Amino acid sequence: MQKIKEIKIPGYEKVFEIINPEANLHCFIAIHDSTLGPALGGIRMYPYKTPQEALQDVLLLAKSMTYKSALAELGLGGGKCVIMGNPRQDKTETLLLAIGEAVDQLHGQYLAAEDVGMNPEDLLVIRRKTSYVAALPTDKSSGDPSRYTAHGVFRGIQAVAQKLWGNVSLRNKKIAIQGLGHVGGRLAALLFWEGADLLISDIDVNLVKNFEHFYGAEIIPPENFNKVQCDILCPCAMGGTIDEASLSALNCLAIAGAANNPLSQPILAEELFKKGILFAPDYVINSGGIINAACEFRKGGYDPKLARDKMNQIYDRLLYIFERSEKEKKSTYLVAEELVKYNLKHHIGQRKGTLETH
Ligand code: NAI
């Protein structure tokens, strides 16, 4: 028996806790804001220690999704789902089908996609129970979002280079990547071919060895990542890795990576601004994947050229934010947040008509 309980959280439209003992499922779905369209966001499976930790994560992630879609004017709102469990041991077909049922019961208020701990094949299982799933590996859908996220982060790093050095060249720039997974791994390749000198860190020893060999990269032990001397620090693992304690040890000119909520608290963006470290707000630089997924909700299905062109706007959007931050003497985070709030207030980019799922 699947039990769905609504939890009232100020600032959020709807938050649900779903428990299904037969399927070994305990998850949370948060819908942060659907002013501009239905809430789209990935499903994350992670071994959270407590339900409170999972709830905290889903709330932060859902809000980030609102911000990403609002800024990129995708006609979508922000939502997220987190499942408590270790994807390597606990991800079963029964659990995925139970998630599909839960998503379906929300009748399209929440559209699911993949996130950490999920892959496109898992989404195909979920799709058997609900059509409210995006980024599937099928004809009309947009497929794995991480290649677009990686390319979007790459364009964001070029915007950082433009701001720091007056041109987009990354030749001999030291770029430190934390996490060589779906996004970080692809990004490493893109940066390598642009001439960057890579420093890499991952808890997966085999992965780092591989990248060291093929990209001439220097391995950084995970515990030393934040203090490594580099030009651009690129967090592409989990969120919250930069906290008050690690902030004083930072030895970089800029932070620009894929991880959602890399700062343990948004207020740390003010500290980065004071220290003169250029911060590319996560919900701007990592929006390539959601931009790509948004390009499938059309009559004929997914349009890759539209996705590419919209994803490339990440470069201009970030440069605009960097310039305003300098001119108005405000952190980049604050400037980006003001742009989000403006779009929400004035319904900029709001979806007109119905959304086609595939
Ligand atoms: P992934 O699960 O494929 O890769 C994460 C990598 O980080 C793994 O190789 C893992 O071993 C490593 N890792 C975990 N903890 C670490 C630590 N303490 N130190 C060093 N490495 C560590 O995840 P994916 O898809 O590459 O996503 C990476 C980040 O980007 C996540 O925060 C995700 O939320 C965010 N993101 C991903 C998007 C996508 O399209 N996949 C879209 C937007 C954001």
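Along each chain, the written sequence defines residue order, and numbers are assigned to residues from 1. Totals for whole chains, interfaces and linings use every residue, but because this is a predicted model, local features are given only for residues with pLDDT of at least 70 and side-chain atom pairs only at 80 or more, for both listing and counting. As a rule here, side-chain values cover all heavy atoms of the structure and leave hydrogens and water aside.

Thoughts on the overall build of the chain
Piece 1. Regarding its fold elements, the chain presents 13 helices and twelve strands.
Piece 2. When we talk radius of gyration, it's over C-alpha atoms, and the globule rule is simply 2.2 Å times the number of residues to the 0.38. Compactness check: the chain gives a C-alpha radius of gyration of 19 Å against a globular reference of 21 Å for 358 residues, within 12% of the reference.
Piece 3. Here the C-alpha coordinates of the chain stretch approximately 55 × 45 × 40 Å along the principal axes.
Piece 4. Each residue's exposure class comes from its accessible area (1.4 Å probe, protein chains only) as a fraction of the maximum for that residue type: buried when under 20%, exposed when over 50%, partly exposed otherwise. Buried residues in the chain amount to 56% of all 358 residues.
Piece 5. Contact definition: two residues touch when any of their heavy atoms are within 4.5 Å. The long-range share in the chain, meaning contacts at least 24 apart out of those at least 6 apart in sequence, stands at 64%.
Piece 6. Computed with a 1.4 Å probe, the accessible areas rest on the Shrake-Rupley method; for each residue, only the protein chains presented here act as cover. By element, 51% of the accessible surface of the chain is carried by carbon and sulfur atoms, the whole surface being about 15400 Å².
Piece 7. Considering the chain, the positive charge centre built from 40 side chains and the negative charge centre built from 41 side chains are found 4 Å apart. Only DSSP runs of H or I with at least four residues qualify as helices, and only runs of E with at least two residues qualify as strands; both kinds are numbered from the N terminus onward. Think of it this way: Lys and Arg go in the positive column, Asp and Glu in the negative one, and His and the chain ends go nowhere. We put the charge of a Lys on NZ, of an Arg on CZ, of an Asp on CG and of a Glu on CD.

Describing the sheet that holds strand β11 (residues 254-255)
Piece 1. Strand order in the open sheet formed by six strands is β9-β8-β7-β10-β11-β12, with parallel pairing between adjacent strands. The open sheet has two free edges, formed respectively by β9 (218-219) and β12 (278-279), since each of these has just one partner strand.
Piece 2. Think of it this way: DSSP has to see at least two bridges between two strands before they count as a pair. Taken together, the two bridges between strand β10 (residues 232-235) and β11 define a ladder with parallel strand orientation. Within β11, the position partnered with Ile-232 by the bridge is Ala-254.
Piece 3. Helix α6 (residues 182-193) contacts β7 (174-178), β8 (197-201) and β10 of the sheet and is inclined by roughly 165° relative to β7. Inter-axis angles, ranging from 0 to 180 degrees, are taken between N-to-C directions of lines fitted to C-alpha atoms, where helices are fitted over the stretch in contact.

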